[in-house]
Amino acid sequence: MTQHDSPALPAHRPGASTQGPADPSPSRTTRPWMPALLYTLGFLTVYLLAICTPWGQRAENALFGLGEQGGEEAWIYPLSGAAYGSTPLPPMELSAKPTVVVGLAVIVVLTLVRRCWWPGCAALGIVILTTGGKEVLKSNLPRPDLVGAPENLLDQGFPSGHTVIPAALTLAAVLVVSPRIRPYVATVGVLWLACIAAASATMGGHRPSEVLGATLLACACYGLATWLLPPAAAPGATRSPRALPVITLTLALAIALASGARNDTLTRSLVSGATGFICAALVWYAAVGRPAHTARRTRPALD
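This section reports on the structure supplied with the text.

Reading the values: rules and limits
- Residues numbered from 1 in each chain as written.
- Predicted model: local features only at pLDDT ≥ 70, side-chain atom pairs only at ≥ 80, totals over all residues.
- Heavy atoms only, no water.
- Helix = DSSP H or I, 4+ residues; strand = E, 2+ residues; numbered from the N terminus.
- Buried < 20%, exposed > 50% of the residue type's maximum accessible area, 1.4 Å probe, protein only.
- Contact = heavy atoms within 4.5 Å.
- Areas by Shrake-Rupley, 256 points an atom, 1.4 Å probe, with all protein chains shown as cover.
- Core = buried A, V, L, I, M, F, W, Y, C linked by side-chain atoms within 4.5 Å.
- Salt bridge = Lys/Arg side-chain N within 4 Å of Asp/Glu carboxyl O.
- Patch = residues over 30% accessible without salt bridge, like charges linked within 9 Å, V, L, I, M, F, W, Y side chains within 5 Å.

### Some thoughts on the overall build of the chain
Piece 1. A count of helices and strands for the chain gives 9 helices and 0 strands.
Piece 2. The order of α-helices and β-strands along the chain, N terminus first, is α-α-α-α-α-α-α-α-α.
Piece 3. Put simply, the chain has 303 residues, and 45% of those count as buried.
Piece 4. Within the chain, residue pairs in contact and separated by at least 24 positions form 81% of the contacts whose partners lie at least 6 positions apart.
Piece 5. Accessible surface, the chain: about 16200 Å² in total, of which carbon and sulfur atoms supply 66%.

### A closer look at the nonpolar core
Piece 1. Judged by nonpolar contacts, the single largest core of 57 residues is most densely connected at F158, L171, Y222 and V283.
Piece 2. Among the elements of the structure, α1 (34-51), α3 (96-114), α4 (117-140), α5 (161-176), α6 (182-202), α7 (208-228), α8 (244-260) and α9 (266-289) are those that each provide at least two residues to this core.
Piece 3. Here this core gets 11 residues from one element, more than from any other, and that element is α7.
Piece 4. Listed in part, the 9 residues of the second largest apolar core include C195, I196, A199 and M203.

### A few points about the pattern of salt bridges
Piece 1. Counting across every chain of the model gives 3 salt bridges.
Piece 2. A salt bridge links E135 to K134; the nearest nitrogen and oxygen atoms lie 2.2 Å apart.
Piece 3. With a shortest N-O distance of 3.1 Å, R262 and D264 are connected by a salt bridge.

### Quick word on a nonpolar patch on the surface
Piece 1. Together, W33, L37, L38, L41, L44, L48, L129, L224, W227 and L228 give the surface a local cluster of nonpolar side chains, amounting to about 920 Å² of exposed area.
Piece 2. Secondary structure elements with two or more residues in the nonpolar patch: α1 and α7.
Piece 3. No other element matches α1, which puts 5 residues into the nonpolar patch.
Piece 4. Locating L44 in the fold gives a position in helix α1.

### Remarks on the environment of Y39
Piece 1. With respect to the element layout, Y39 can be found in helix α1.
Piece 2. By relative accessible area, Y39 is classed as buried at 9%.
Piece 3. Here the alpha-carbon distance between Y39 and L217, two residues 178 residues apart in the chain, equals 7.2 Å.

The values are spatial; any link to function lies outside them.
Here it is, written out as structure tokens:
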């Protein structure tokens, strides 16, 4: 070989990739802020349609005219804490604040044990921001009387405080538990939420829009918290058994229908049950059903 010969090319090996190095930057199709934005828009849409329109107010007020006033006819009434001497199912009635305190304590303990400082701070932020935001919104969002409703239907209850607690605690818990048990923790949380959301709607304390608004508020805070987390601390895509989503949502539907059932009206029972199920599905999708925003895609290199 003379000095003018070109150097030998490396031999091709089967299986060798012709692609360049993986692009470490997030894919352009990944939009980590999109879930928080969508949940926020959903919250505003529910408020505007159900509370700020005459037909929305008429539709929800009509539910209170079905059956007897109060929650005595609800199947879950003995567990609501409203009955004299009964023990409320957390966080109903006076158990709301103790439930929040215990939930925050559990999050702190899990954070210390697992040393997941960023997710732990995010989980605490979700609970504090959601419960605190509920109080601010409930005090400042107006409920105009557009249909001449009776005085007992003019109280502002948007969003529901009892519903926001299980939603926020469930979404906070999935950030600080091990990825292996995250789907099962989410399952327990959404079943709890399905019960409380349906019960809140059927007992007469809250309208369906107030229950849905509370759940959307918690999901929006969760989306914001996971977006602000550093990429290394953000929760990865959750792998759950293939049958778990079907089992979870089926059980959530059954629990919501039972918790929303009343003896005096089928329509109100079904509406309350459907509301509880939608809340459970929203939280399940937020916690488990979508990939994390840290997922990355490799791109082929240009020739």
